[in-house]
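Each chain is listed here by its residues.
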Amino acid sequence: MSGSERRRPPTIHDVAREAGVSRGTVSRFLNGGHNVSPAAADAVRAAIRRTGYVVNRHARSLITGRSDSVAFLLTEPQEKLFEDPNFNVLLRGCTQALAAHDIPLLLMIAGTPAERRRVIRYVTAGHVDGVLLVSSHTGDPMAEQLTKAGIPVVASGKPIDRSGRTARIAHVAADDREGARDIVRHLVSLGRRRIATVAGPPDTPGGVDRLAGWREVLAEAGLPAGDDLVAHGDYSRDSGRRAAAELLERAPDVDALFVASDLMARGALTALEQAGRRVPDDVAVGGFDDSPAAVAGLPELTTVRQPWDRISTEMVRVLLGLIGGEEPSAVILPTELVRRQSA
């Protein structure tokens, strides 16, 4: 064999020969794995490892008209990416899920009108094949603009349109309402009778559904659930502190607090400490998410676990299906109560 032959990079034909499958099977595997059996997929993966084959993305994009990349689009102010641990957990999970398909992920932030216009121009120019959309607020225009432009989009969380109904967009979400019901039931089971809540923003699906779950369980238990026991935060730590302080001033006999995110719950714990209230002796505290913030200090938070790994994996699965021509779908995943020191 000559030196030039030895230096020749492996081709799709080499992979097919090594795997013992047809070139068409390898091609289908590289383009999403549709109509490829699990056994054939395993054989192709092993052959790629043995041959050292590397996809020529530029050549493939000229043939398929695809970019072979996906955008992770956060429509929140940039500082939220660094403050809220949930965004980083979701970003890491989506990156790992796409890596299994050899698809790179582009992080994009559109927290201002100018940023949204730039993102729309970039995405609709064909630089990505689809968008994993992380947007918490009702009526976010990005989802509608992208879908009208024919861009496959999957939202994290239940997207709500301006009329308050679930938007007709593919999405993957945790069951916020039932998760809230679980943790409030737990607080009731501890004998707590004045259970207040720091709810999320009222224009977010999580803010609406978690507050509804709190109200439902207290109504079932015959306990008060008036507006005097509700304060709203914006999912930041400081908003949780301010909301909890407001509740303590308004209802000093509160003996439990359901907080709609772990980060806000950390802020609420600061307010309780400043007020001289012991946790959980005087006030039991429950959070939501089971994010890194839940165990970032003492006491560790009793909380509701969102299945972030499954959310990431399902978002990627649904998006790749959309890119491949499947119809939009909605996936709602169960949550889990996690008991720790705070309640």
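Our subject is the structure that appears above.
Residues numbered from 1 in each chain as written. Predicted model: local features only at pLDDT ≥ 70, side-chain atom pairs only at ≥ 80, totals over all residues. Heavy atoms only, no water.

Asker: Please clarify how the nonpolar core should be interpreted in this entry.
Answerer: The tendency in soluble globular proteins is for nonpolar side chains to be buried side by side. Core analysis: the largest hydrophobic core is formed by 44 residues, its most contacted members being V184, W214, L257, F258, V259 and V285. Among the secondary structure elements, those contributing two or more residues to this core are α10 (176–189), β6 (195–199), α11 (205–220), β7 (230–232), α12 (237–250), β8 (256–259), α13 (262–274) and β9 (284–286). Counting residues per element, this core draws most heavily on α13, at 6 residues. Setting aside residues up to four positions removed in sequence, L257 forms contacts with L187, A196, T197, V198, A244, L247, A268, V283, A284, V285 and G286. The next biggest cluster of nonpolar side chains, apart from the first, holds 30 residues, and it includes L132, V154, L319 and L320. (Core = buried A, V, L, I, M, F, W, Y, C linked by side-chain atoms within 4.5 Å. Buried < 20%, exposed > 50% of the residue type's maximum accessible area, 1.4 Å probe, protein only. Helix = DSSP H or I, 4+ residues; strand = E, 2+ residues; numbered from the N terminus. Contact = heavy atoms within 4.5 Å.)

Asker: What exactly am I supposed to notice about the pairing of strand β5 (residues 171–174) here?
Answerer: Neither face of β5 is open: one carries H171 and A173, the other V172 and A174, and all of them are buried. Strand direction decides the pairing type here: strand β4 (residues 153–156) and β5, joined by 2 bridges, are parallel. Within the sheet, the bridge partner assigned to A155 lies in β5 and is H171. Pairing of β5 with strand β11 (residues 330–333) involves 4 bridges; the strand directions are parallel. Of the residues in β11, the one forming a bridge with A174 is L333. (Pairing = 2+ DSSP bridges.)

Asker: Sorry if this is basic, but what is going on with the side chain of R266 here?
Answerer: As for its placement among the helices and strands, R266 is situated in helix α13. There is no salt bridge for the buried R266, and the closest opposite charge comes from E300, which lies 6.8 Å off by N-O distance. Not counting residues up to four positions away in its chain, the partners in contact with R266 are R237, A293, A294, V295, A296, G297, L298, P299, E300 and L301. (Lys, Arg positive; Asp, Glu negative; His and termini not counted. Salt bridge = Lys/Arg side-chain N within 4 Å of Asp/Glu carboxyl O.)

Asker: Help me understand the sheet that holds strand β3 (residues 130–134) in this model?
Answerer: One key point about sheets: their strands pair by backbone hydrogen bonds, in either a parallel or an antiparallel sense. Within the open sheet, the 6 strands sit side by side as β2-β1-β3-β4-β5-β11. Their pairing is parallel. Because the sheet does not close on itself, it has two edges, and the strands there are β2 (105–109) and β11. Averaged over all adjacent pairs, the angle separating strand axes in this sheet is 20°, with direction ignored. In this sheet, β2 lies alongside strand β1 (residues 70–74) in parallel orientation, the contact comprising 5 bridges. Bridge pairing in β2 links A71 to L106. Relative to β2, helix α8 (residues 113–127) is tilted by about 150°, and along the sheet it contacts β1, β2 and β3. (Axes fitted to C-alpha atoms, helices over the stretch in contact; angles between N-to-C directions.)

Asker: It is not clear to me how unusual backbone geometry should be interpreted in this structure. Could you clarify?
Answerer: Between V279 and the following residue, P280, the backbone shows a cis peptide bond with an omega angle of 5°. Secondary-structure assignment places P280 in the loop between α13 and β9. The peptide bond linking L298 to P299 adopts the cis configuration, its omega dihedral lying at -5°. Among the structural elements, P299 can be located in the loop between β9 and β10 (303–305). Of note in the backbone geometry, D102 takes a positive phi value of approximately 60° without being a glycine. By the secondary structure assignment, D102 is in the loop between α7 (85–99) and β2. With a phi angle near 75°, Y235 is a residue other than glycine that sits in the positive phi range. Residue placement: Y235 occurs in the loop between β7 and α12.

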